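# Coordinate analysis (summary)
Residue-level listing of the chains:
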Amino acid sequence: MVKKLKIDGEFKKAYPVLEKIWEAGFEAYYVGGSVRDRLLGLEVNDVDIATSAHPYEIKDIFSRTVDVGIEHGTVLVLAEEREYEITTFRTESTYKDFRRPDSVTFVRSLKEDLKRRDFTMNAIAMDEAGLLQDPFDGLKDIENEIIRAVGNPHERFNEDALRMMRAVRFAAQLDFKIEEETMISIKENAHLLEKIAIERIQIEFEKLLTGTWRQKGLEAMLSTNLYQYCPGLAEEKKALEALIEDQKSFEDSESAWAMLVYQISKEDHLNIFKDRKFLVRWKLSNKKIQKIRKLFYGLKNRIRSGMIEPLEIFNLGIEDALKVEGLMNHLGEETKAEELKKIYQNLVIKDPDELAIRGQDLMEISARKAGPWLGDALTYALESVVCGRVINEKQNIIGFLVEHNKIPDKI
Ligand code: ATP
Ligand code: MG
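To start, this report covers the structure provided alongside it. (Residues numbered from 1 in each chain as written. Chains lettered and ligands numbered in written order. Predicted model: local features only at pLDDT ≥ 70, side-chain atom pairs only at ≥ 80, totals over all residues. Heavy atoms only, no water.)

### Side note on the nonpolar core
Heads up, the rule is: We call a set of buried Ala, Val, Leu, Ile, Met, Phe, Trp, Tyr and Cys residues a nonpolar core when their side-chain atoms join them within 4.5 Å. With a 1.4 Å probe rolled over the protein chains alone, any residue whose accessible area is under 20% of its type maximum counts as buried; one over 50% counts as exposed, and the rest are partly exposed. Comment: elements are numbered from the N terminus, with helices defined as DSSP H or I runs of at least four residues and strands as E runs of at least two. Should any heavy atoms of two residues lie within 4.5 Å, those residues are considered in contact.
Within the largest apolar cluster, 113 residues are counted, with the highest numbers of intra-cluster contacts made by Met165, Phe205, Met221 and Trp257. The greatest single-element share of this core, amounting to nine residues, is contributed by helix α7 (residues 162–174). In this view, methionine 165 contacts Leu193, Ile201, Glu204, Phe205, Met221, Leu226 and Cys230; residues no more than four positions away in its chain are not counted. Formed by 10 residues, the second largest nonpolar core is a distinct cluster that contains Tyr29, Val31, Ala50 and Val107.

Printed below as a string of structure tokens:
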């Protein structure tokens, strides 16, 4: 089946880049996710280019390049106001330990390059005329919504076990079915995932969690046992099932992780689950972990109190408070976003800086040095102002703190 596509949008934008490579006497094709997404009618973002030119030849052709993965044959070219990953045709013959190869062999044939790609839908190339080069019938699989390994799935997963995670994440993103032989092979080889760097697994798992058809990806992870080889998930079948029952999509990855953490903590009857440790095992960044934990504890507090507390909104900030409401919706609770926005608007102060008293003031009146008492007093004042127990005015707050024994007596 030959199919021709119109070179438009991002492909048209990239055309001069490919043209330069042709003019230098080499082959260049659009490949990978961009061609797949174009065939699916999805938005195309990154246009990947495959070429017969060697990396050093690409560097000769273009003036602005970055060596992002030259040992794997990839050069980043800055052109046409974009960044393009240009990868030399290659085979990956020397796999060790089921990981990505530590050396690659460059080849001059497109077919050889497409053969080393993971799934048939990702192994389609498009030439300068928009004609598809599709030696593994990827187009047919796209039409039938099937994820099928290129060639022998068992061999392909032994070469690079991450491909199994990619299969389940594509199922979650595209609502495609994993072809039977491919599925059986994932089940047989699931344990090989243990050899893969967590960072690489994390990227795929996160794409799965935020995919529109997350349920499909998670079901595949459960039925193939892939989840057992993911950090901290081996004993968490029930938590994953809860994420399957939940029909809603997550608005961002932090919300997705927060809900996963919540479902795990809910299942943990012995209360030994450490949310931070779990997230660290997944090698998420500290910044991200902080954000996820904020949402997780926000959700726990929201469930415990059963209502929207001004102090909680103040502590979370409006954006995250709304995210927590979104998570409540995932749990089948009515979201009170409108009520929340109103309470936020009516907060006396929205930022700790707006408190009418400073630590310095308290040290002066008490003639005491800073110490734990000071933090306690300021927090007490802040919370009392936010909750409307005291007016945000200096003398008022001092009187209030004295009354509540928060300022030590002068010595
Ligand atoms: P996305 O839309 O998420 O970027 P993608 O298919 O473009 O999806 P990339 O990780 O950007 O995924 O990879 C680009 C292409 O490189 C893929 O379409 C596929 O052809 C090939 N590829 C990526 N990872 C692997 C892998 N582990 N094994 C084999 N081929 C791969
Ligand atoms: Mg891509």
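Once you've had a look at it, read on.
### Looking at the sheet that holds strand β4 (residues 74–79)
Condition: Between any two strands, pairing holds if DSSP finds at least two bridges.
Within the open sheet, the seven strands sit side by side as β3-β4-β5-β2-β1-β8-β9. Their pairing is mixed. The open sheet terminates on both sides in strands that have one partner only, identified here as β3 (65–69) and β9 (132–133). Sheet topology places strand β1 (residues 28–31) next to strand β8 (residues 125–126); two bridges connect them, and they run antiparallel. Paired with tyrosine 30 across the strands is methionine 126, a residue of β8.

### Regarding the packing of aromatic side chains
Threshold: Stacked, edge-to-face and tilted labels apply to pairs of Phe, Tyr and Trp rings (six-membered ring for Trp) whose centres lie within 6.5 Å, assigned for plane angles under 30 degrees, over 60, and everything in between, in that order. Distance and angle both matter: a charge sits over a ring if NZ of Lys or CZ of Arg is within 6 Å of the ring centre and within 35 degrees of the ring normal.
With the rule as written, the count across this model stands at 10 aromatic pairs. A ring pair is formed by phenylalanine 11 and tyrosine 30, whose centres lie 5.0 Å apart and whose planes are at 90°; its orientation type is edge-to-face. Here phenylalanine 11 is found in helix α1 (residues 9–23), whereas its partner tyrosine 30 is found in strand β1, with 19 residues between them in sequence. With a relative accessible area of 1%, phenylalanine 11 lands in the buried category. Each member of the aromatic cluster is reached from another via a ring pair, and the members are Phe205, Trp257 and Trp282. Directly above the ring of tyrosine 380 sits lysine 406, whose terminal nitrogen or CZ lies 4.5 Å from the centroid.

### Re helix α14 (residues 286–305)
Note the cut-off: The span one expects for a helix is its residue count, reduced by one, times 1.5 Å.
Along its 20 residues, α14 runs 28 Å from first to last C-alpha, staying within 8% of the 28 Å computed at 1.5 Å per residue. If you check which residues of α14 are buried, you get Lys288, Ile289, Ile292, Leu295, Phe296, Gly298, Leu299 and Arg302. Packed against the buried residues of α14 are α9 (198–209), α12 (253–267), α13 (275–281), α15 (310–316) and α16 (318–330). Positive backbone phi, approximately 75°, marks glycine 306, located one or two places after α14.

### What about unusual backbone geometry?
With a phi close to 50°, glutamate 80 is a non-glycine residue in the positive phi region. Tracing the backbone shows glutamate 80 in the loop between β4 and β5 (82–88). The residue glutamate 145 is not glycine, and still its phi comes out positive at about 55°. Structurally, glutamate 145 can be placed in the loop between α5 (138–143) and β10 (146–147).

### Quick look at the packing of helix α10 (residues 214–224) against helix α11 (residues 237–245)
For clarity, the cut-off: Geometry is summarised by axes, namely lines fitted to C-alpha atoms with helices restricted to the contacting stretch, and by angles between N-to-C directions that run from 0 to 180 degrees. Roughly parallel here means an angle under 35 degrees, roughly antiparallel means over 145, roughly perpendicular means 65 to 115, and every remaining angle is called oblique. Handedness of a helix crossing follows the sense of rotation of the near helix relative to the far helix, less than a right angle counterclockwise being left-handed and clockwise being right-handed.
The geometry of α10 relative to α11 is characterised by a closest axis approach of 9 Å and an angle of 155° between their N-to-C directions. Taken together, the axes of α10 and α11 are roughly antiparallel relative to one another. α11 is crossed by α10, and the crossing has left-handed handedness. Across from Arg214, Gln215, Leu218, Glu219 and Leu222 in α10, the residues of α11 making contact are Lys237, Leu240, Glu241, Leu243 and Ile244.

### Things to note about the environment of tryptophan 22
Keep this limit in mind: Whenever a nitrogen or oxygen atom comes within 3.5 Å of another N or O atom, the pair is scored as a polar contact, on the condition that within protein one atom can donate a hydrogen and the other can accept it, and that pairs from neighbouring residues in sequence are kept only if both atoms are in side chains.
Here tryptophan 22 shows up in helix α1. Separated by 106 residues in sequence, tryptophan 22 and glutamate 128 place their C-alpha atoms 9.3 Å apart. Ignoring sequence-local partners within four residues, the contact set of tryptophan 22 consists of Tyr15, Glu27, Ala28 and Glu128. Polar side-chain contacts of tryptophan 22 include one of 3.1 Å to the backbone oxygen of alanine 28.

### As for the pairing of β4
Most of β4 is tucked away: five of the six residues are buried. Relative to β4, β3 runs antiparallel, the two being bridged by three bridges. What sits directly across from valine 66, in β4, is leucine 76. Counting the residues in the hairpin turn of β3 and β4 gives four residues, including glycine 73, whose phi is positive at 95°. Pairing analysis gives six bridges linking β4 to β5, with the strands arranged antiparallel. What sits directly across from leucine 78, in β5, is glutamate 83. Between the antiparallel neighbours β4 and β5 lie two residues, among them glutamate 80 with a positive phi of about 50°.

### As for the site of ligand 1
Definition in use: In these notes, residues near a molecule or strand are those with any non-hydrogen atom within 4 Å of it. For the accessible areas, the method is Shrake-Rupley and the probe is 1.4 Å, while residue cover comes only from the protein chains on display.
Near ligand 1, the surroundings consist of 14 residues, among which Arg36, Asn122, Asp160, Arg163 and Arg169 are the closest. With respect to ligand 1, the side chain of arginine 117 contributes an N or O atom lying 3.0 Å from an oxygen atom. One nitrogen or oxygen atom from the main chain of aspartate 118 is found 3.1 Å from a nitrogen atom belonging to ligand 1. Coverage of ligand 1 by the protein amounts to 75% of the 580 Å² it exposes when considered alone.

### Describing the pattern of salt bridges
The following threshold applies: Think of a salt bridge as a Lys or Arg side-chain nitrogen and an Asp or Glu carboxyl oxygen that are within 4 Å of each other.
For the coordinates displayed, the defined rule picks out 27 salt bridges. The partner of lysine 291 in a salt bridge is aspartate 320, and the shortest N-O contact between them spans 3.0 Å. Of the two residues, lysine 291 is situated in helix α14 and aspartate 320 in helix α16; the sequence distance between them amounts to 29 residues. On the basis of relative accessible area, lysine 291 is assigned to the partly exposed category, the value being 23%. Salt bridges sharing common partners tie together Asp118, Arg166, Arg169 and Glu204.

No statement about biological role is implied by the geometric values presented.
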